[in-house]
Amino acid sequence: MPRQVYRAALFHLLDDPAQTRAPLDGYFADGALMVEDGHVVRAGPWAEIGPTLPPGTAVERFDNALIVPGFVDAHVHYPQLDIIASPAPHLMDWLDTHTFPSELRFADRAVADEAAAFFLDELLRHGTTTALVYATVHKASVDALFTAAKTRNMRIVSGKVLMDRNAPDGLRDTAETGRHESEDLIRAWHGKGRLTYAVTPRFVVTSTEAQLAGAGRLVKDHPGVLMHTHLAENHEEIAEVRRLFPDCADYLGVCEKFGLVTDRSVFAHCLHLSESEWRRMGAAGSAIAFCPTSNLFLGSGLFDAAKAHEHHVPVGLGTDVGGGTSLSLLQTMNEAFKVGQLRRQMQSPFQLFYLATLGGAKALRLDSHIGNFAPGKEADFLVLDLAATPLLERRTAYANAPAELLFALAMLGDDRAVARTYVAGALAHSRLDNRPSAK
Ligand code: GUN
Ligand code: ZN
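One numbering rule holds for all chains: residues counted from 1, following each sequence as written. Lettering of chains starts at A and numbering of ligands starts at 1, both following the order in which they are written. Residue-level local features of this predicted model are given only where pLDDT is at least 70; pairs of side-chain atoms are given and counted only at 80 or more, and the full residue set underlies all totals for whole chains, interfaces and linings. Working from all heavy atoms in the structure, the side-chain values ignore hydrogens and water.

Structural notes on the packing of aromatic side chains
Note on aromatic pairs: each is described by the distance of the centres and the angle between the planes.
Move 1: Between 30 and 60 degrees the pair is tilted, below 30 it is stacked and above 60 it is edge-to-face, where a pair is any two Phe, Tyr or Trp rings, Trp via its six-membered ring, whose centres lie within 6.5 Å. Evaluation of the coordinates by the stated rule reveals twelve aromatic pairs.
Move 2: Ring plane angle 50 degrees and centroid distance 6.3 Å describe the contact between Phe-11 and Tyr-27, whose orientation is recorded as tilted. Separated by 16 residues along the polypeptide, Phe-11 in strand β1 (residues 4–11) and Tyr-27 in strand β2 (residues 27–36) bring together distant segments of the chain.
Move 3: Remark: exposure states derive from per-residue accessible area (1.4 Å probe, protein chains only) relative to the maximum for the residue type, with buried under 20%, exposed over 50%, and partly exposed in between. Classification of Tyr-27 by relative accessible area gives buried; the value is 17%.
Move 4: Between Phe-381 and Tyr-422, the ring centres sit 4.3 Å apart and the planes meet at 10 degrees, which makes this aromatic pair stacked. Within this pair, whereas Phe-381 is found in strand β14 (residues 381–385), its partner Tyr-422 is found in strand β15 (residues 418–423), the two being separated by 41 residues in sequence. The exposure classification of Phe-381 matches that of Tyr-422, with both residues buried.
Move 5: An aromatic cluster is built from Phe-11, Tyr-27, Phe-350 and Phe-353, whose rings are joined through pairwise contacts. Strands are runs of DSSP state E lasting at least 2 residues, helices are runs of H or I lasting at least 4, and numbering of each runs from the N terminus.

Next comes the structure, spelled out in structure tokens:
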């Protein structure tokens, strides 16, 4: 691919805004992103980059737009698209009533292929270029997702769900088959192109000790893979874990017992952790996917971002669809902000964009590849349309500081604001074919 330059306002985070006093070092009101062979060459002010360009360099300019890194969804279930917006009193009811029946259909490869293609196209339409994704217990559901991701050249992390108890017929494997099928999938997909494998026990409620031990062995035998599971989301779930694992002091202790708490582990939710669990999670270097729309929809609880910060636990933002109610990371930032407000932990717009980009990339251990526009990173980026809706246009026009503009986007934006999505430098989604103008 030849060198290409994109000109518009541009924002990316060079570091965690909680660690730096200058989050605006990555903001340029008139910015430029230079891309070559699917990678970032440089990002900065147009006034510096423009004059250095050889005559004839292709420049695409976007008015009233903001270029940002592609969003990272740190926790989402592709087989749950058909049951999004299904109400239940709480998590355990929701799983039995809506989720498990829907996941049963993924035994059929054709169902999985159709859903995987729809899901990834929806991610791109919402500006998500990387995701950590639950498939189902069926091996073919992972083949379907990775096949579709490879076609689109997306950075997708996924794995076969392990569950050998407390699930209906047709949704259970065994400790043995679960481990062998995971091994087969790791061999077939891990590290191929932009794909990463995640060993995925659903949650400890649905796995026997033998299966959890097998998961721990998989993680140990394949140092590059991630471990992905749910943890401490709901009080009924936690009571069940106590009943099933009476010899373990707490929920995290069950995962520790089987070698599942490492610096390549991602735990979704973590709403009800003790001080000791927070401390141990921080010491292990494990990451959390904060899923505000799901936590509010299922009435699960309010994530404590201050605790994560105190214990240096990396945090990404997850939609958790179908427990979550939107695939939009902008809408997820909106709900993350409101959760923070209920905890009297007000988040800055920089923190919100960090969670959805570089923070998510760090949580998934992919920040050497994606998350911002550091030279050499893969060119996954978005062109956000500041005039996507009349209200967004009006509010962003009235903003007189970058922080105000970013905050308005996080509160008012959704898929309509994603004018273009680029994956490794290639256009993957566009809503504004008639808008770009020449330099
Ligand atoms: N815990 C176990 N399975 C699930 C799931 O599918 N969604 C959510 N939100 N929590 C879970
Ligand atoms: Zn989930």
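We are not done yet, so read on.
Details of the site of ligand 1
Move 1: Note on definitions. A residue lies near a molecule or strand when any single heavy atom of the residue is within 4 Å of it. Close to ligand 1 lie His-77, Gln-80, Leu-91, Trp-94, Leu-95, Arg-202, Phe-203, His-230, Glu-233, His-269 and Asp-320.
Move 2: The definition of a polar contact used here is a pair of N or O atoms within 3.5 Å, where within protein one atom must be able to donate a hydrogen and the other to accept one, and adjacent residues in sequence count solely through side-chain atom pairs. A distance of 3.5 Å separates a nitrogen atom of ligand 1 from a polar atom in the side chain of His-269.
Move 3: In the environment of ligand 1, a nitrogen atom lies 2.7 Å from a nitrogen or oxygen atom belonging to the side chain of Asp-320.
Move 4: Surface exposure here means Shrake-Rupley accessible area, sampled with a 1.4 Å probe, where a residue is shielded only by the protein chains that are shown. Starting from 280 Å² of accessible surface for ligand 1 in isolation, the protein chains cover 100%.
Move 5: At three residues, the largest contribution of residues to the shell around ligand 1 is made by helix α2 (residues 91–104).

Describing the coordination of the zinc ion (ligand 2)
Note on metal sites: the ideal angle is 109.5 degrees for four tetrahedral donors, and 90 or 180 degrees for six octahedral donors.
Move 1: Protein ligation of the zinc ion (ligand 2) involves His-75 (NE2), His-77 (NE2), His-230 (NE2) and Asp-320 (OD), the donor distances falling in the range 2.0 to 2.2 Å.
Move 2: For Na, K and Ca the donor cut-off is 3.2 Å, and for all other metals it is 2.8 Å, counting N, O and S atoms only; because water is absent from this set, sites may look incomplete. Between 85 and 135 degrees for all angles marks four donors as tetrahedral; over 155 degrees for opposite donors together with 65 to 115 for all other angles marks four donors as square planar and six as octahedral; every other arrangement is irregular. Relative to the metal, the four donor atoms surrounding the zinc ion (ligand 2) lie at angles of 92 to 168 degrees, and the coordination shape comes out irregular.
Move 3: Between consecutive donor residues of the zinc ion (ligand 2), the sequence gaps follow H-x1-H-x152-H-x89-D. You can see His-75 sitting in strand β5 (residues 71–77) and its partner His-230 sitting in strand β10 (residues 226–231), a full 155 residues away along the chain.

Digging into the pattern of salt bridges
Should the charged atoms of two oppositely charged side chains come close, the side chains can pair.
Move 1: The working definition used for a salt bridge is a side-chain nitrogen of Lys or Arg within 4 Å of a carboxyl oxygen of Asp or Glu. In the structure shown here, the tally under the stated rule is 29 salt bridges.
Move 2: Note that Arg-155 and Glu-378 form a salt bridge whose closest N and O atoms lie 2.8 Å from each other. Of this pair, Arg-155 sits in strand β7 (residues 155–159) while Glu-378 sits in the loop between α14 (358–363) and β14; the two residues are 223 residues apart in sequence, bridging distant segments of the chain.
Move 3: Two residues, Glu-209 and Lys-257, come together in a salt bridge whose shortest N-O distance is 3.3 Å. With a gap of 48 residues between them, Glu-209 in helix α6 (residues 209–221) and Lys-257 in helix α8 (residues 251–257) connect regions that are remote in the sequence.

Quick look at the packing of helix α13 (residues 349–356) against helix α16 (residues 402–412)
Move 1: The axes are straight lines fitted to the C-alpha atoms, using for helices just the contacting stretch, and the angles between their N-to-C directions are given from 0 to 180°. α16 packs onto α13 with a crossing angle of 55 degrees between their chain directions and a minimal axis gap of 9 Å. Judged by the angle between their axes, α13 and α16 are oblique. In terms of crossing hand, the pair formed by α13 and α16 is left-handed. Two secondary-structure elements touch here, α13 through Pro-349, Phe-350, Leu-352 and Phe-353 and α16 through Ala-403, Leu-406, Phe-407, Leu-409, Ala-410 and Met-411. Orientation is classified from the angle alone, with under 35 degrees giving roughly parallel, over 145 giving roughly antiparallel, 65 to 115 giving roughly perpendicular, and any other angle giving oblique. When the near helix sits turned anticlockwise from the far one by under a right angle, the crossing is termed left-handed; a clockwise turn instead gives a right-handed crossing. Any two residues having at least one pair of non-hydrogen atoms within 4.5 Å are treated as being in contact.

Description of the packing of helix α12 (residues 329–342) against α13
Move 1: Packing of α12 against α13 brings their axes to within 10 Å, and their N-to-C directions diverge by 130 degrees. Considered as vectors, α12 and α13 are oriented oblique to each other. Handedness of the crossing formed by α12 with α13: right-handed. Residues Leu-329, Leu-330, Met-333, Ala-336 and Phe-337 of α12 form the contact with α13, whose participating residues are Leu-352, Phe-353 and Ala-356.
Move 2: Among the residues making up the contact of α12 with α13, the classes are represented as eight nonpolar, no polar and no charged. Each residue is assigned to one class: nonpolar for Ala, Val, Leu, Ile, Met, Phe, Trp, Tyr, Cys and Pro, charged for Asp, Glu, Lys and Arg, and polar for all the others, Gly among them.

A short note on the environment of Asp-414
Move 1: Counting through the fold element by element, Asp-414 comes out in the loop between α16 and β15.
Move 2: Separated by 84 residues in the primary sequence, Asp-414 and Leu-330 place their C-alpha atoms 5.5 Å from one another.
Move 3: Leaving out residues up to four positions away in the same chain, Asp-414 has contacts with Ser-328, Leu-330 and Gln-331.
Move 4: At a separation of 2.7 Å, a polar atom in the side chain of Asp-414 contacts the side chain of Arg-416.

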